[in-house]
Amino acid sequence: MTHEEQELGLLLSRVFENVVMTEEKSLQKGYFSDLSIAEMHTLDAIGPYEARTMSETAQSLGVTTGTLTVSIDRLVRKGYVIRKRDEHDRRIVRISLTRDGKVACRMHSKFHAVLARHILEPYSKDEKDMLIHMVSEIDEFLTAQLLRYDDDDDNEMSIRETAHDVAAQQRRREQNG
Amino acid sequence: MDDTGDPRERNLNENDIAKKKDMILDDIVKLVVQELDISPTEITPDMSIEDDLTFDSLQIYELVVDLEEAYDIRLPDDMLDSIVTVGDFVDLVYTLTTEELS
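Everything numeric in this text was worked out from a predicted model, so none of it was measured. (Residues numbered from 1 in each chain as written. Chains lettered and ligands numbered in written order. Predicted model: local features only at pLDDT ≥ 70, side-chain atom pairs only at ≥ 80, totals over all residues. Heavy atoms only, no water.)

A. Expanded view of the interface of chain B and chain A. Opposite the 17 residues of chain B that make contact, chain A presents 13 residues. Of the roughly 1,500 Å² buried between chain B and chain A on both sides combined, carbon and sulfur atoms contribute 51%. For the pair chain B and chain A, the number of links is seven salt bridges. The salt bridge involving B:Asp81 is made with A:Lys110; its shortest N-O contact spans 3.4 Å. (Contact = heavy atoms within 4.5 Å. Buried area = accessible area lost by both parts, 1.4 Å probe. Salt bridge = Lys/Arg side-chain N within 4 Å of Asp/Glu carboxyl O.)

B. Seen up close, the pattern of salt bridges. Residue and element names in this part refer to chain A. Enumeration over the complete set of coordinates arrives at 15 salt bridges over all chains. Among the ionic pairs, Arg52 bridges to Glu56, the shortest N-O distance being 3.8 Å. With its nearest N and O atoms 2.9 Å apart, the salt bridge here joins Asp129 to Lys125. Of this pair, Asp129 and Lys125 both sit in helix α6 (residues 125-148), four residues apart, roughly one helical turn. Judged by its relative accessible area of 38%, Asp129 is partly exposed. On the basis of relative accessibility, which here comes to 56%, the residue Lys125 falls in the exposed class. Through salt bridges with shared partners, a single network forms among Glu39, Arg74 and Lys78. (Helix = DSSP H or I, 4+ residues; strand = E, 2+ residues; numbered from the N terminus. Buried < 20%, exposed > 50% of the residue type's maximum accessible area, 1.4 Å probe, protein only.)

C. A look at the packing of helix α2 (residues 37-46) of chain A against helix α3 (residues 54-61) of chain A. All names here are of chain A. In the contact formed by α2 and α3, the axes pass within 9 Å of each other and the chain directions differ by 120°. When the axes of α2 and α3 are compared, the pair comes out oblique. Crossing angle aside, the handedness with which α2 passes α3 is right-handed. The residues of α3 that touch α2, namely those facing His41, Thr42, Ala45 and Ile46, are Thr57, Ser60 and Leu61. Residues belonging to the contact of α2 with α3 are distributed by class as follows: three nonpolar, four polar and no charged. (Axes fitted to C-alpha atoms, helices over the stretch in contact; angles between N-to-C directions. Parallel < 35°, antiparallel > 145°, perpendicular 65-115°, else oblique. Left-handed = near helix turned anticlockwise from the far one by under 90°. Nonpolar A, V, L, I, M, F, W, Y, C, P; charged D, E, K, R; others polar.)

The values reported here are purely geometric and, on their own, carry no functional implication.
Written out as structure tokens, the structure reads:
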């Protein structure tokens with residue numbers, strides 16, 4: 001193992017741990033300390049605007065609807081999510097965020113945006129583009145590695161693809177305003 | 001409306017805009033009063049939301065979510081970045097509600 005390989009390996013692990021821990025601590029010390037990171041990501045997958053079905057939200061998160069049901073039950077009890085039957089098709093359950101859920105979701109998005117802003121701040125436009133390009137390539141490589149461990153060939157959605165989709169949806173939501 | 005239009009009609013239009021902005025300001029003042037427990041007369045459009053009203057990020061997002069709900073609009077973060085005063089909020093809500101109608 002070369003010095004560069006050793007250093008990059010260590011840095012990748014540290015970046016991952018630090019992002020997760022910063023997110024966790026900001027939640028614990030913030031206004032929404034009753035929410036776990038997983039619950040916050042569930043709110044994020046539902047989004048602050050249109051109501052979503054259980055199945056599309058489960059797909060975005062890369063979990064089964066059974067797992068999501070347990071999580072939604074808890075979020076309904078905590079007052080962050082509303083569950084309603086579709087008026088036209090009673091078989092469909094739609095979930096949306098309460099006022100507190102929307103505020104939590106917006107503040108969480110802001111947290112990620114501020115984190116990214118601070119990381120990019122010292123760089124020129126070209127350097128920012130280069131950094132995003134290189135991190136994207138790392139992400140693509142790791143996504144491919146993850147797929148190798150995916151035993152279920154029919155399961156087209158890897159966890160990472162799902163995370164990527166959620167991020168893309170969020171970007172689209174923000175761009176569409 | 002271009003500059004060659006009837007000045008009386010133009011004034012009427014400007015009055016409509018001013019009236020609508022006043023209504024938006026009233027709504028924002030009501031929401032701020034609920035949050036801060038101060039008199040509505042103390043709030044003016046030139047006041048800074050963060051520095052004068054001392055709103056923190058939670059209070060700003062509560063206001064944003066309430067305005068989105070009340071006016072059926074979306075106030076994404078990139079638009080909020082340019083908001084400093086109560087008047088900026090009024091102008092943004094006015095612009096978004098007018099865009100929706102046109």
